[in-house]
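Okay, here's what each chain looks like letter by letter:
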Amino acid sequence: MAASSLAGKPRKVIPKILAVIHADGCTGCEACLEVCPVDCIYKVSPTEYPGLQGFCDIDLDRCIGCKHCAQVCPWDAIDMVDTIDVAYHVAVKGGPPEYVAEEWDNLVDAAQRNAEGLLAKKK
Ligand code: SF4
Ligand code: SF4
């Protein structure tokens, strides 16, 4: 759990970059989870996807694009991507084949919502 005054507070602006965890490269070590200032990284339970190690994912509606997680990941499993393109990166994030499909609303739709929000602000 990150010790920060930002934790749990709503984000004020949509960042230009967001973090995406590549589930196939993530060991679930939780190093990223410990440094996130807004506590927007969560562990996906391995029991939900038997046969695979646990991995982490990110609530993109709260990520502030600070890069802290990417800087500490020992397996380079986190990419900072342009918010405009984030839905694509989330759709190909890997992990159990059914994971992204089952969590499409929470993952890809959320990513697309962020991209569209950023575009709307540019108009
Ligand atoms: S970029 Fe920052 S806010 Fe976003 S998930 Fe990583 S540590 Fe958290
Ligand atoms: S630091 Fe990297 S390997 Fe560890 S849980 Fe986070 S994304 Fe996964």
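What you are looking at is a predicted structure, and each value in this text was computed from that prediction instead of being measured.

Caption draft 1: Region of interest: the overall build of the protein chain. Within the protein chain, the secondary structure is distributed over five helices and four strands. Each helix (α) and strand (β) of the protein chain, taken in turn from the N terminus, gives the series β-α-β-β-α-β-α-α-α. Whereas a compact globule of 123 residues would reach a radius of gyration of roughly 14 Å, the protein chain reaches 14 Å, a difference of no more than 12%. Projected onto its principal axes, the C-alpha positions of the protein chain cover 45 × 30 × 20 Å. The buried share of the protein chain, reckoned over its 123 residues, is 39%. Partitioning the contacts of the protein chain with sequence separation of at least 6, the portion at a separation of at least 24 is 72%. Carbon and sulfur atoms form 55% of the exposed surface of the protein chain, whose accessible area is close to 6800 Å².

Caption draft 2: Structural view of helix H5 (residues 104–122). Look at H5: 26 Å from first C-alpha to last across 19 residues, which is about the 27 Å you get at 1.5 Å a residue. A maximum bend of about 25° is found in H5 at Ala 110. Buried residues of H5: Leu 107, Val 108, Ala 110, Ala 111, Asn 114, Ala 115, Gly 117 and Leu 118, and no others. Check the buried side of H5 and you find it contacts strand E1 (17–21), strand E2 (41–44), strand E3 (55–58), helix H3 (86–91) and helix H4 (97–102).

Caption draft 3: Main features of the site of ligand 1. In the vicinity of ligand 1, 14 residues are found, and the nearest of them are Cys 36, Cys 63, Ile 64, Cys 66 and Cys 69. In terms of residue class, the shell around ligand 1 is made up of 12 nonpolar, one polar and one charged.

Caption draft 4: Summary view of the pattern of salt bridges. Inspection of every chain in the model, using the stated rule, returns three salt bridges. In this structure, Lys 43 and Glu 30 form a salt bridge, with 3.1 Å as the shortest nitrogen-oxygen distance. Highlighted residues: Lys 43 in strand E2 and Glu 30 in the loop between E1 and helix H1 (31–35), separated in sequence by 13 residues. As a salt-bridge pair, Lys 93 and Asp 57 come within 3.3 Å of each other at their nearest N and O atoms. Note that Lys 93 is positioned in the loop between H3 and H4 and Asp 57 in strand E3, a separation of 36 residues in sequence. For the residue pair Lys 93 and Asp 57, the accessibility class agrees, reading buried in each case.

Caption draft 5: Structural view of the site of ligand 2. The environment of ligand 2 is made up of 13 residues, and the closest members are Cys 26, Cys 29, Glu 30, Cys 32 and Cys 73. Considered class by class, the residues forming the shell around ligand 2 number 10 nonpolar, two polar and one charged.

Calculation notes
- Within any chain, residue numbers begin from 1 and follow the written order of that chain's sequence.
- Labels follow written order: the first chain is A, the first ligand is 1, and so on.
- Reporting in this predicted model follows two pLDDT cut-offs: at least 70 for local features of residues, and 80 or more for side-chain atom pairs to be given and counted; totals over whole chains, interfaces and linings ignore these cut-offs and use all residues.
- Here the side-chain values reflect all heavy atoms present in the structure, with hydrogen atoms and water set aside.
- Where helices and strands are cited, they refer to DSSP runs of H or I of at least four residues and of E of at least two residues respectively, numbered from the N terminus.
- Both definitions apply: the radius of gyration is a C-alpha atom measure, and the globule rule equals 2.2 Å times residues to the power 0.38.
- For every residue, the accessible area (1.4 Å probe, protein chains only) is compared with the maximum for its type, and the residue is labelled buried under 20%, exposed over 50%, or partly exposed between those bounds.
- In this description, contact between two residues means that some pair of their heavy atoms is separated by no more than 4.5 Å.
- Each accessible area value is a Shrake-Rupley result obtained with a 1.4 Å probe; residue values ignore everything except the protein chains displayed when judging cover.
- Take the number of residues in a helix, subtract one, and multiply by 1.5 Å to get its expected span.
- One axis is fitted to the seven residues ending at the residue and one to the seven starting there. The bend at that residue is the angle between these axes.
- We call a residue near a molecule or strand when any one of its heavy atoms sits within 4 Å of it.
- When residues are grouped by polarity, Ala, Val, Leu, Ile, Met, Phe, Trp, Tyr, Cys and Pro land in nonpolar, Asp, Glu, Lys and Arg in charged, and all others, Gly among them, in polar.
- Should a side-chain nitrogen of Lys or Arg be within 4 Å of a carboxyl oxygen of Asp or Glu, the pair is scored as a salt bridge.

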